[in-house]
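Spelled out, the chains give:
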Amino acid sequence: MDINIFNTLSSKKEVFTPLVKNKVGIYNCGPTVYDTVHIGNLRTFVMYDIIRRVFEYNEYFVTQVMNITDVDDKTIKRSQEKKISLEELTRHYETLFISDIHSLNILTPNKLLSARDHIKDMIEMISILLEKGIAYQTKDGIYFSIGLSKDYGKLAKLKIEATDTHTLRERISNDEYEKENPRDFALWKFYTEEDGQVFWDASFGKGRPGWHIECSAMAGRALGPTIDIHAGGTDLIFPHHTNEIAQSEATYDKHFVNYWIHGAFMNVNDAKMAKSKGNFYKLADLENEGISPLAFRYWLLTSHYRSQINFTIEAVKGAQTAFIRFIETFIRLQDISAGHEYEHVHKALEPRDYKKDFLEKVNDDFNTPEALALAWELIKDHTVEAKEKVILLMDFDKILGLGLHAVVNIQKEEIPTEVTVLAEAREKARENKDWEMADAIRKEITDRGYDVNDTDKGFTLKKRN
Ligand SMILES: [Zn+2]
């Protein structure tokens, strides 16, 4: 079945066609490890995980690559504030990041690349760009001339007057800047005393890379020069991904990325998350509020990744209640399918193909809210046996990642066949309105230590404690 992806580049849903049959290379912009990631970042990482799992479910051989930004303006500044080495700071937050993604059942990317391990690749790209005359040197570093770039800003749909950029040559050395003002950006920042021990030697001068060239170099090295999928949060469309395209395409003269996927923003209490507003949450803060990481994941899956969402503690607690019911129902279904409880199934003449329906939802631009709703429909479907439901739910969980594989089936004694036969005989008696017989059989059943209860769907059998 086709996988349809909303491609930011074309602003359209497109059928995915891989570069190599049955294989997919995915590059994900990873964390800047200068602090613990917040729940907005975690939404993006859950999105990456869903994308990867959907491809694996479709039997693709997936190479998911994520970078760890362990050298940039923010990491250097923070390590100096804390008076520790860049190495010590970034390794610490990288460890915390890995622990957070594990708590959320996010599969570890196949390759986690450290920016500091790829400086050589960055220097090589910058040298090519200098040779081609697309990069130029100033007093404080090497800059990329966006006026000489083909289609600069095509991803962000920016309107650039080439002559403006040529004549003005406005530059920006900060890694992050505003959309309103595209400018030539730094590929390499020459060493200043503020950089302390952080520098590398290059033929064009001692210094350190800009943030944008890091991802271009790592993506190119691991998957390039042309990549199937590149993903990130919408905040990365400009300048980060815009600059990545410009650098990579100017260096290699090849189309950089076929499908760009961007996850929408998360507000907290109807406002942009900010430490100053007191609406800044990390995973540990949720746990302090009594919210489990997997309940947070469940809540994330109830919205489509391209919808902006609003986080409130109440909303996630509501989702947690549903999540607990989901898990409890799953345990009960396991119980029933193990023969610990009798079940009545009215098999449908034309059974619904849940697996196919599920695949349709997830392959339609990773529609997790509909996939989750389908799982609930399955749970409530009286025409499907518990055993079948357990198998299907376990299968769906390969994508949903709600930890069903870890839900331990509590082993109980099976209901003996003669008790089941008695209960069925009683049901027949009740259908024939032979109440006397029905009561007599009930007594037989209770004498054997079992309780029979009538429900609108038939009866249940349970061993008395
Ligand atoms: Zn990146």
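Residues numbered from 1 in each chain as written. Predicted model: local features only at pLDDT ≥ 70, side-chain atom pairs only at ≥ 80, totals over all residues. Heavy atoms only, no water.

### Quick look at the overall build of the chain
Right, on to step 1. Broken down by element type, the chain carries 15 helices and 16 strands.
Right, on to step 2. Projected onto its principal axes, the C-alpha coordinates of the chain cover approximately 100 × 45 × 35 Å.
Right, on to step 3. Residues classed as buried in the chain amount to 53% of the 465 residues present.
Right, on to step 4. Across the chain, every contact between residues at least 6 apart in sequence was considered, and the portion connecting residues at least 24 apart equals 74%.
Right, on to step 5. Only carbon and sulfur atoms are counted for the fraction: they give 49% of the accessible area of the chain, which is about 22000 Å².
Right, on to step 6. Of the charged side chains in the chain, 61 are positive and 74 negative; the average position of the first set lies 1 Å away from that of the second. (Helix = DSSP H or I, 4+ residues; strand = E, 2+ residues; numbered from the N terminus. Buried < 20%, exposed > 50% of the residue type's maximum accessible area, 1.4 Å probe, protein only. Contact = heavy atoms within 4.5 Å. Areas by Shrake-Rupley, 256 points an atom, 1.4 Å probe, with all protein chains shown as cover. Lys, Arg positive; Asp, Glu negative; His and termini not counted. Charge placed at Lys NZ, Arg CZ, Asp CG, Glu CD.)

### A few points about the coordination of the zinc ion
Right, on to step 1. The coordination sphere of the zinc ion contains the protein donors Cys 29 (SG), Cys 215 (SG) and His 240 (NE2), at a distance range of 2.1 to 2.2 Å.
Right, on to step 2. Each donor residue of the zinc ion belongs to the same chain, with the gaps between them written as C-x185-C-x24-H. Of this pair, Cys 215 sits in helix α6 (residues 211-223) while His 240 sits in helix α7 (residues 237-252), and the two are 25 residues apart along the sequence.
Right, on to step 3. Owing to a relative accessible area of 1%, Cys 215 belongs among the buried residues under this scheme.
Right, on to step 4. By relative accessible area, which is 1% here, His 240 ends up buried. (Donors = N, O, S within 2.8 Å, 3.2 Å for Na, K, Ca; no water.)

### Some remarks on the sheet that holds strand β3 (residues 23-28)
Right, on to step 1. Spatially, the five strands line up as an open sheet ordered β5-β4-β3-β11-β12, and their pairing is parallel. A strand with exactly one partner marks an edge of an open sheet, and here the two such strands are β5 (111-114) and β12 (257-263). On average, each strand axis in the sheet is tilted by 20° relative to the strand beside it, whichever way the strands run.
Right, on to step 2. Bridging between strand β4 (residues 61-68) and β5 involves four bridges; their strand directions are parallel. Each residue of the ladder has a partner; that of Ile 68, found in β5, is Ser 114. (Pairing = 2+ DSSP bridges. Axes fitted to C-alpha atoms, helices over the stretch in contact; angles between N-to-C directions.)

### Concerning the side chain of Asp 72
Right, on to step 1. Looking at where Asp 72 falls in the secondary structure, it is placed in the loop between β4 and α2 (73-81).
Right, on to step 2. Comment: no salt bridge for buried Asp 72; closest opposite-charge side chain is Lys 74, at 5.4 Å.
Right, on to step 3. Of note is the side chain of Asp 72, whose polar atom sits 3.3 Å from the backbone nitrogen of Lys 74.
Right, on to step 4. Setting aside residues up to four positions removed in sequence, Asp 72 forms contacts with Thr 32, Asp 175 and Arg 208. (Salt bridge = Lys/Arg side-chain N within 4 Å of Asp/Glu carboxyl O. Polar contact = N/O pair within 3.5 Å; in protein donor to acceptor, adjacent residues only side chain to side chain.)

### Here's the deal with the domain arrangement of the chain
Right, on to step 1. Domain annotation for the chain reports domain 1 (4-263), domain 2 (285-406) and domain 3 (417-463).
Right, on to step 2. Spacing between the C-alpha centres of domain 1 and domain 2 amounts to 35 Å.
Right, on to step 3. Here domain 1 and domain 2 share an interface that buries about 2300 Å² over both sides, 64% of which is from carbon and sulfur atoms.
Right, on to step 4. Counting across the domain 1 and domain 2 interface gives two salt bridges.
Right, on to step 5. As a salt-bridge pair, Lys 13 and Asp 364 come within 2.7 Å of each other at their nearest N and O atoms.
Right, on to step 6. Our enumeration of links across domain 1 and domain 2 arrives at 14 residue pairs in polar contact (both at pLDDT 80 or more).
Right, on to step 7. Sorting the residues of the side of domain 1 that touches domain 2 by element identifies β1 (4-7), α1 (39-57) and β12 as the ones contributing at least two each.
Right, on to step 8. Residue contributions to the side of domain 1 that touches domain 2 peak at twelve residues, all from α1.
Right, on to step 9. Tallied by class, residues from the side of domain 1 that touches domain 2 come to 14 nonpolar, six polar and four charged. (Domains from an automatic or database assignment. Buried area = accessible area lost by both parts, 1.4 Å probe. Nonpolar A, V, L, I, M, F, W, Y, C, P; charged D, E, K, R; others polar.)

### Here's the deal with the environment of Phe 6
Right, on to step 1. You can see Phe 6 is positioned in strand β1.
Right, on to step 2. In the structure, Phe 6 is positioned 329 residues away from Asp 335 in sequence and 41 Å away in space, judged by C-alpha atoms.
Right, on to step 3. Among residues more than four places away in sequence, those in contact with Phe 6 are Ser 11, Lys 12, Lys 13, Trp 260, Ile 261, Tyr 305, Arg 306 and Asp 365.

### Regarding the pairing of β1
Right, on to step 1. Side chains of β1 alternate between two faces, with Ile 5 and Asn 7 buried and Asn 4 and Phe 6 left unburied.
Right, on to step 2. Pairing of β1 with strand β2 (residues 12-15), which is carried by four bridges, proceeds in the antiparallel orientation. Counted as the bridge partner of Ile 5 is Glu 14 from β2.
Right, on to step 3. Connecting β1 to the next strand, β2, in antiparallel fashion are four residues, including Ser 11 with a positive phi near 55°.

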